[in-house]
Amino acid sequence: MADVKCLDIEARLERVRDACDFVVACAETTEMDERAVYHCQMAVDEALTNIIEHGFGFEGDDSTIEVCCERDGNRFIITLIDESPAFNPLEHEAPDPDEPLDSREPGGWGIYFIRRLMNEVTYQRQDGKNQLTLVKEIPAGVESVPSGASEADPVFPVRRLGDGAAVVSPTGRLDSNSSPDLERLLNMLLEEGQHWLFIDMSDVTYIASSGLKILVSAWRRAQDQNGDVLLSGLQPRITEIFEMVGFDMLFRIFPTLEAALAAHSKSP
Amino acid sequence: MVMEINSSELKRVQLFEVAGRVDSTNASELGAAMDRAADEGRNYIVLDLGGVEYMSSAGLREMVRVLKRVKRSGGDLRIANPSERVREVLELAGLDTIFEIYSTQVEAVGSF
């Protein structure tokens, strides 16, 4: 079941970012939320920076580091393989976050973050190569949605209510695959003059940053036309994501679509 | 997005608005920008991280270094508007107890 994807980068700091983008893209294909994906990105950044600075002493231009991602059940596994002299980052002292400022050394955070952000970190020297393995557990609780689901039927149900109001009911995962469909749909409604958009989120199981961005841009456009985007029926995981990014302060959010519609009909 | 730094000289405070991605390739640039203000005796610094989508420990390192420096001259480095992700990282590093962190730029600037 393991589908391993790998990227080779030259051992230079300038290439770390490409590796980050690669890992983020792989992580986003799982049900990991944005926070967990961010953790993976940061752990890989810190680990690669360590390898390039300490393993290669910044002189690894001719060497490559192999970055691989795979999913094994509920584990997202990142493996970094390099040919620098044996270097086990896990042996190095991590700073103590409780230490007062004056006695603090400014650096050394890398391995500390790697350990805190990932669930498992292991190092082994094998065949003359360093192999660092980082594991992030994919939170359980949401069934894996077959990736075909959002692609097969891209258009979400819409109900036009008249008076410039419409209900949109997206389903499944709002990730970079399906978000463009939602964007097209919301833009179409806004252009039609529907400036009161009721988005019923009760069948949305996951929202990625791409989905969040689209909601915000629709919200802005609706507000510009004295309308609004009202959300309802958020699943607990979605509510958590909204709170994490502070969107619960931005959007009017109702427990049910009916409550959202009722609130609208009462307002002048 | 690459890192962008916008520096403005306010009455009492030197304000840095940072956007984009702060990592090991560019953190020293951010540190150097703050050093230039401190060199001119402008030791009240606000770092608005509102536009920072990603920051690695290299960015934290520069922030801690400059904080220590300006504190020695009676100044301070205060943080405004970090994203939830960046705030989490500051907390993980225990830096939320060392830096004063404000949710808005106005509050951070007004705190001096």
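About the thresholds
Residues numbered from 1 in each chain as written. Chains lettered and ligands numbered in written order. Predicted model: local features only at pLDDT ≥ 70, side-chain atom pairs only at ≥ 80, totals over all residues. pLDDT = per-residue confidence, 0-100. Contact = placed C-beta atoms within 7 Å. Helix = DSSP H or I, 4+ residues; strand = E, 2+ residues; numbered from the N terminus. Nonpolar A, V, L, I, M, F, W, Y, C, P; charged D, E, K, R; others polar. Pairing = 2+ DSSP bridges. Expected span 1.5 Å × (residues − 1). Buried ≥ 20, exposed ≤ 12 C-beta atoms within 10 Å, placed from the backbone.

*Asks:* Give a description of the confidence of the model for chain B that names residues and reports values.
*Replies:* Put simply, chain B has an average pLDDT of 93, and 100% of its residues get 70 or more. What the predictor reports for the complex is a pTM of 0.62 with an ipTM of 0.86.

*Asks:* Break down the confidence of the model for chain A for me, with residues and values.
*Replies:* For chain A, mean pLDDT is 84; residues scoring 70 or higher make up 85% of the total. Across residues 142–154 of chain A, confidence stays below pLDDT 50; counting only partners more than four residues off in sequence or on other chains, it has 16 contacts.

*Asks:* I'd like to hear about the interface of chain B and chain A, residue by residue, with values.
*Replies:* Between chain B and chain A, the residue contacts involve 19 residues of the former and 23 residues of the latter. Secondary structure elements with two or more residues in the side of chain B that touches chain A: α2 (57–72) and α3 (84–92) of chain B. In terms of residues, the side of chain B that touches chain A owes the most to one element, α2 of chain B, which gives 8 residues. Residues belonging to the side of chain B that touches chain A are distributed by class as follows: 8 nonpolar, 5 polar and 6 charged.

*Asks:* Which residues make up the pairing of strand β2 (residues 14–22) of chain B, and what are the values?
*Replies:* Residue and element names in this part refer to chain B. Here strand β1 (residues 4–9) pairs with β2 via 6 bridges, running antiparallel. Each residue of the ladder has a partner; that of Glu-9, found in β2, is Gln-14. Remark: 4 residues form the turn of the hairpin made by β1 and β2, two consecutive strands paired antiparallel. Relative to strand β3 (residues 44–55), β2 runs parallel, the two being bridged by 8 bridges.

*Asks:* Outline α2 of chain B, supporting the account with residue identities and numerical values.
*Replies:* All names here are of chain B. Taking 1.5 Å of rise per residue, the 16 residues of α2 would be expected to cover 22 Å, and the 23 Å separating its terminal C-alpha atoms lies within 8% of that figure. Buried residues of α2: Ser-57, Ala-58, Gly-59, Leu-60, Arg-61, Glu-62, Met-63, Val-64, Val-66, Leu-67 and Val-70, and no others. Just downstream of α2, Gly-74 is the residue with a positive phi angle, here 80°.

*Asks:* Report on unusual backbone geometry, specifying residues and quantitative values.
*Replies:* Residue and element names in this part refer to chain A. A positive phi angle is found at Asp-163, which is not glycine, with a value near 55°. Following the sequence through the fold, Asp-163 ends up in the loop between β6 (158–162) and β7 (165–168). Look at Asp-163 and you get exposed, because 11 C-beta atoms sit within 10 Å. With a phi close to 60°, Asn-226 is a non-glycine residue in the positive phi region. Relative to the elements of secondary structure, Asn-226 occurs in the loop between α6 (209–224) and β11 (228–232).

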